Amino acid sequence: MTIREIQQRIMELKKEKDICILAHCYQSPEILEVADFTGDSFGLSVSASKVSNQTVIMCGVRFMAETCKILSPDKTVILSNPTAGCPMAEMMDKQTIEAVKELYPDYTVVAYINTTSELKTVCDVCVTSSSALKICRKLDSDKILFIPDCNLGDWIQKQLPEKEFKLLNGGCPTHARMSAEDVKKAKAAHPEALFLVHPECKPEVVELADYVGSTTGIMDFAKQSEAKEFIIGTENSIVTHLQMACPEKCFYPLSKSCICSNMKATTLMDVLHCCEGTGGEEIELDEAVRIGAKRCIDKMIELG
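Conventions used here
Residues numbered from 1 in each chain as written. Predicted model: local features only at pLDDT ≥ 70, side-chain atom pairs only at ≥ 80, totals over all residues. Heavy atoms only, no water. Pairing = 2+ DSSP bridges. Helix = DSSP H or I, 4+ residues; strand = E, 2+ residues; numbered from the N terminus. Axes fitted to C-alpha atoms, helices over the stretch in contact; angles between N-to-C directions. Contact = heavy atoms within 4.5 Å. Parallel < 35°, antiparallel > 145°, perpendicular 65-115°, else oblique. Nonpolar A, V, L, I, M, F, W, Y, C, P; charged D, E, K, R; others polar. Disulfide = S-S within 2.5 Å. Buried < 20%, exposed > 50% of the residue type's maximum accessible area, 1.4 Å probe, protein only.

Colleague: Can you help me understand the sheet that holds strand 7 (residues 143-147) in this one?
Modeller: What links the strands of a sheet is backbone hydrogen bonding, and the strands pair in either a parallel or an antiparallel sense. Judged by pairing direction, the sheet is parallel, and its 4 strands sit side by side in the order 6-5-7-8 without closing on themselves. Each edge of the open sheet is held by one strand with a lone partner, namely strand 6 (125-127) and strand 8 (164-167). Here the average twist between neighbouring strands, direction ignored, is 30°. Bridge count for strand 5 (residues 108-112) against strand 7 is 4 bridges, and the pairing is parallel. From the neighbouring strand, V109 faces strand 7, where its bridge partner is L145. In the packing of helix 9 (residues 150-159) onto the sheet, contacts are made with strand 5, strand 7 and strand 8, and the angle to strand 8 comes to roughly 170°.

Colleague: Which parts of the structure should I look at to understand unusual backbone geometry?
Modeller: A negative phi holds for most residues other than glycine; trans holds for most peptide bonds. Here the residue pair I147 and P148 is connected by a cis peptide bond, since its omega of -10° sits within 30 degrees of zero. Of note, P148 is situated in the loop between strand 7 and helix 9. Of note, the phi angle at D18 is positive, near 60°, even though the residue is not glycine. Tracing the sequence through the fold places D18 in the loop between helix 1 (3-17) and strand 1 (19-24).

Colleague: Can you walk me through the environment of I297 in this structure?
Modeller: By secondary structure assignment, the location of I297 is in helix 16 (residues 287-303). In the structure, I297 is positioned 276 residues away from I21 in sequence and 22 Å away in space, judged by C-alpha atoms. Leave out the neighbours within four places in its chain, and I297 touches F42, T67, I70, L71, K120 and C126.

Colleague: What am I meant to see in the packing of helix 4 (residues 62-71) against helix 16 here?
Modeller: When two helices pack together, their arrangement is given by the angle between the helix axes and the distance between those axes. Two elements in contact, helix 4 and helix 16, have axes whose closest approach is 9 Å; the angle formed by their N-to-C orientations is 95°. Classed by the angle they form, the pair helix 4 and helix 16 counts as roughly perpendicular. Of helix 16, the residues touching helix 4 (which contributes T67, K69, I70 and L71) are R290, A293, K294 and I297. When grouped by side-chain class, the residues that make up the contact of helix 4 with helix 16 number 4 nonpolar, 1 polar and 3 charged.

Colleague: Any chance you could explain the state of the cysteines here in plain terms?
Modeller: Working definition of a disulfide: a covalent bond connecting the sulfur atoms of two cysteines. Evaluation of the coordinates by the stated rule reveals 0 disulfides. Among the cysteines around C201, which has no disulfide bond, C258 carries the closest sulfur, lying 6.4 Å off. When its relative accessible area of 0% is taken as the criterion, C201 is described as buried. A disulfide-free cysteine, C296 has its sulfur positioned 4.6 Å from the sulfur of C126, the nearest such atom.

Listed below in C-alpha cells is the structure:
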C-alpha cells in the first residue's frame, strides 16, 4: 500500500468506527495529516475530552495516553505503539518522590506533565512547559520541589528569584543532547537566524535563545515573526513541520541528533492497525490512581 492508500483507509475506518485520532507535534507529517487534533500533550487530552467519539487513538507516548484516560475515563484510549515511552516520565517513581517529600515536608511538589499517572498522585499540582511559570508564580507556597525536569525547573527558578526551588537530577535526554557549542556553530552558519528553544534544553543553551517556549509556542512564534530564518532548538520534526507551514522562511535544526526515538516509534501502519482493531494497547488505569492524578491536573486547570 502507498502512504496515500493507507491514509485513505484510516480516514474510512475513523469515520466508520467513530474514532478520534490525536497526534503530538513530534509525529511525522503523514500521521499529522490523518489526525483530528495535533499539538502538545496536555492540549490533545483536553481536546479528546470534549469530543463525542468513544474511541481515542494517541499517537505519542505512554504518559500522554494516560493523561487522556485520566480526563476521559469512559472512553477507550489506545496508545498507537505500546513501546513508545518517555525516559523523563519514567526516571522518577512514586516511592522516590515520597521519600524526597519527607526530607522537604514544607515544599509544594510541582510535577511536569511528563510524569506517570502514579507519580502524579503524590504531587500537588501539574504543569506544562507553557503554563509552568504562570502556575509556579501563582502558588501560595514560596518553596517548590519541581520534578522531574531540572532544566525546565532552572528556567522557571531564574524568573522567580523570590521563591526557593529544589530540583532533582532529571530531564529529557533528547533535549539534553544539544550544547552551547551547537548553538555557536549554528549561529555562525546562520548569523541572521533567530534561535528558538524549548526550556527542556540545558541552561547554557537556553541562555543563548531569542525565544524560549513550548513546542507550540515555538511554532507560533516562528509563524508570526517577521524574521525569515530560524534555528530550532527542539525535536527535529518541528523543523520539517515549520518548513511545510512556512515555505517562504528557512528553518535549521540546532543539532541533527535531536531526535526522539520514542516519538519516531509510531508509524502510519501502527495507526491503521489501531483503527482495524489489531494493534496498539488499550490504556487502563486503577480508579484510585486516576482520581489521584486528576487532582493534580485539576489544580493546574484551577491556577490557569
